[in-house]
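# Summary of structural features
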Amino acid sequence: MTSTDLTPPVVDLWPLAEAARPGEAGEDLVALLAAICDVESVSGDESALADAVEVLLRAQPHLEVLRDGNAVVARTHLGRDQRVVFAGHLDTVPLTTPPNLPTRLVEGESGLELWGRGTVDMKPGVAVMLALAAELGRPGVEPAHDVTWIFYDQEEVEAVRNGLGRLARHHPELLAGDFAIVGEPSDAGIEGGCNGTIRVEVSTRGVTAHSARAWVGVNAIHLAAPILGRLAAYQPREVAVDGLVYRESLGAVGIRGGVATNVIPDSCVVTVNYRFAPSLSPAAAENHLRDLFDGYDVVVTDVARGARPGLDAPIAAAFTAAVEAATGVSPRPKYGWTDVARFAELGIPAVNFGPGDPLLAHKDDEHVPVAQLARCRDALRAWLLGRS
Ligand SMILES: [Zn+2]
């Protein structure tokens with residue numbers, strides 16, 4: 001290595017993926033997951049992990065591999081009638097202080113568990129995808145559908161930076177398929193569709209004054225009390241969509257006001273986030289908020305449509321039946337917004353299916369029961385090989 005060459009060597013995931021073969025108890029899949037987690041990849045800093053993923057995939061003669069920024073896409077070309085698209089994001093939310101990496105294996109309440117940043121959201125899904133991508137398409141292990149494997153960057157940040165969105169703009173053909181599976185944590189069961197999300201700022205206007213003579217002004221923070229009252233009294237709805245029941249949620253996620261500790265403030269802004277059922281359009285969700293905050297200034301700052309579960313499409317129904325048979329778990333609605341919505345917008349039915357408890361995503365103590373890794377891998381493998 002020369003003194004100017006400061007690039008660290010690419011982490012070699014290949015021996016781990018090669019070892020993570022079906023029939024094993026799953027230890028090698030755990031080793032692969034640990035290696036993937038131990039390459040830090042906080043949003044915007046995914047290049048080392050993307051390099052490792054790219055090197056692994058390029059070593060597979062049965063895959064065509066493309067790279068766009070820190071997104072890597074690999075495809076089989078077996079001439080099948082239908083194509084399944086898998087998508088998994090490589091980034092994580094920031095580490096804790098002190099850092100929750102490297103990962104550690106712990107004997108926990110649910111058996112052996114891997115702890116550390118990314119062990120739930122969503123490197124287990126990435127590990128399962130990599131192990132299957134390396135295997136399926138080799139001679140003698142050919143899947144019943146063509147497969148596209150998408151590993152992408154910057155899912156955990158603002159929608160404009162999202163790597164899957166960038167791929168859709170740069171190479172829309174790479175997202176094409178008949179069914180999409182997003183490997184977000186779903187406790188190894190199928191979670192269909194997702195709620196939409198909208199953020200609004202609800203604001204009040206007052207009149208500034210010296211706090212010693214408050215009667216001269218109008219306190220904008222006090223004017224916000226009815227806004228908070230309406231939020232506290234709000235009963236979230238439950239909405240049935242295509243056979244799954246979506247529970248909505250609505251609440252304040254921020255409040256700001258005040259310029260100094262001796263000034264009556266003339267402005268107060270309450271930021272509200274509404275997670276709405278996938279049967280509602282973004283416009284309908286906005287109208288709902290405008291009705292709720294009638295009389296106040298309401299400004300939309302961010303909105304993303306939800307996704308209907310789409311489980312009535314034949315290929316989705318077949319997948320659902322296969323996973324139900326393998327795991328005994330029926331499909332559930334997804335509450336958080338995920339990139340299944342992006343596929344839904346392209347007219348591709350999409351579900352979330354991956355190891356890890358979604359309630360632990362982004363938490364300091366995120367961890368996954370390792371038994372879920374092999375369970376997801378085996379269910380996907382059997383379905384893709386037409387053996388379930
Ligand atoms: Zn995620």
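Bear in mind that the values here come from a model prediction, so they are computed numbers and not experimental data.

The rules behind each value
- Residues numbered from 1 in each chain as written.
- Predicted model: local features only at pLDDT ≥ 70, side-chain atom pairs only at ≥ 80, totals over all residues.
- Heavy atoms only, no water.
- Axes fitted to C-alpha atoms, helices over the stretch in contact; angles between N-to-C directions.
- Helix = DSSP H or I, 4+ residues; strand = E, 2+ residues; numbered from the N terminus.
- Parallel < 35°, antiparallel > 145°, perpendicular 65-115°, else oblique.
- Left-handed = near helix turned anticlockwise from the far one by under 90°.
- Contact = heavy atoms within 4.5 Å.
- Nonpolar A, V, L, I, M, F, W, Y, C, P; charged D, E, K, R; others polar.
- Domains from an automatic or database assignment.
- Buried area = accessible area lost by both parts, 1.4 Å probe.
- Salt bridge = Lys/Arg side-chain N within 4 Å of Asp/Glu carboxyl O.
- Pairing = 2+ DSSP bridges.
- 1 Å grid on protein atoms, 1.4 Å probe; cavity = no way out; pocket = protein on both sides within 12 Å on 5 of 7 lines; lining within 4 Å.
- Points joined across faces, edges and corners; volume = space filled by probe spheres on them.
- Buried < 20%, exposed > 50% of the residue type's maximum accessible area, 1.4 Å probe, protein only.

### What about the packing of helix α9 (residues 314-327) against helix α11 (residues 371-384)?
Where α9 contacts α11, the two axes come as close as 10 Å, and the packing angle between them is 135 degrees. Relative to α11, the element α9 lies oblique. The hand of the α9/α11 crossing is right-handed. Residues Ile315, Ala318, Phe319, Ala322, Ala326 and Thr327 of α9 touch α11, and the partners they reach there are Arg375, Ala379, Leu380 and Trp383. Along the lines of polarity and charge, the residues of the contact of α9 with α11 split into 8 nonpolar, 1 polar and 1 charged.

### Thoughts on the domain arrangement of the protein chain
Entries for the protein chain in the domain assignment read domain 1 (14-193 + 307-384) and domain 2 (196-304). On a C-alpha basis, the centres of domain 1 and domain 2 stand 36 Å from each other. Overall, the association of domain 1 and domain 2 removes approximately 1000 Å² of surface from exposure, summing both partners, and the carbon and sulfur fraction of that is 60%. When the buried surface of domain 1 facing domain 2 is broken down by residue, Arg308, Tyr335 and Trp337 rank first, second and third, together holding 49% of it. Across the salt bridge formed by Arg308 and Asp242, the nearest N and O atoms sit 3.0 Å from each other.

### Focus on the sheet that holds strand β4 (residues 104-108)
Taken together, 3 strands build an open sheet; the order of strands is β4-β5-β19 and the sheet is antiparallel. Every interior strand has two partners, whereas the edge strands, β4 and β19 (367-369), have only one. Mean inter-strand twist for the sheet, computed between neighbouring axes without regard to direction, equals 30 degrees. The pairing of strand β5 (residues 111-115) with β19 spans 3 bridges and is antiparallel. Note on β19: the bridge partner recorded for Glu113 is Pro369.

### Quick notes on the layout of surface pockets
Considering only enclosed or pocket space, the largest pocket measures out at about 800 Å³ in volume. Listed by contribution, the elements that provide at least two residues to the lining of the largest pocket are β9 (196-205), β16 (297-304) and β17 (332-333). Here the lining of the largest pocket is composed, by residue class, of 11 nonpolar, 5 polar and 15 charged. If you count residues domain by domain, the lining of the largest pocket takes at least three from each of domain 1 (14-193 + 307-384) and domain 2 (196-304).

### Side note on empty space enclosed by the protein
Under the definition given, this model contains 1 cavity of 30 Å³ or more. The volume enclosed by the largest cavity comes to roughly 60 Å³. Contributing to the lining of the largest cavity are Phe86, Gly125, Val128, Met129, Ile181, Val182, Gly183, Phe353, Gly354, Pro355, Cys376 and Leu380. Broken down by secondary-structure element, the contributors of at least two residues to the lining of the largest cavity are α4 (123-135), β7 (179-182) and α11. For the lining of the largest cavity, the class distribution of residues is 9 nonpolar, 3 polar and no charged.

### Focus on the pattern of salt bridges
Overall, the coordinates contain 19 salt bridges when judged by the stated rule. Note that Glu54 is salt-bridged to Arg58, the shortest N-O span being 2.9 Å. Of this pair, Glu54 and Arg58 both sit in helix α3 (residues 47-58), separated by 4 residues, roughly a single helical turn. Overall, Glu54 belongs to the buried group, its relative accessible area being 16%. The closest approach of N and O atoms between Arg166 and Asp68, which form a salt bridge, is 2.6 Å. On the criterion of sequence distance, the pair formed by Arg166 in helix α5 (residues 163-170) and Asp68 in strand β1 (residues 64-68) is long-range, its members being 98 residues apart. Here the two residues Arg166 and Asp68 agree in accessibility, since each one is buried.

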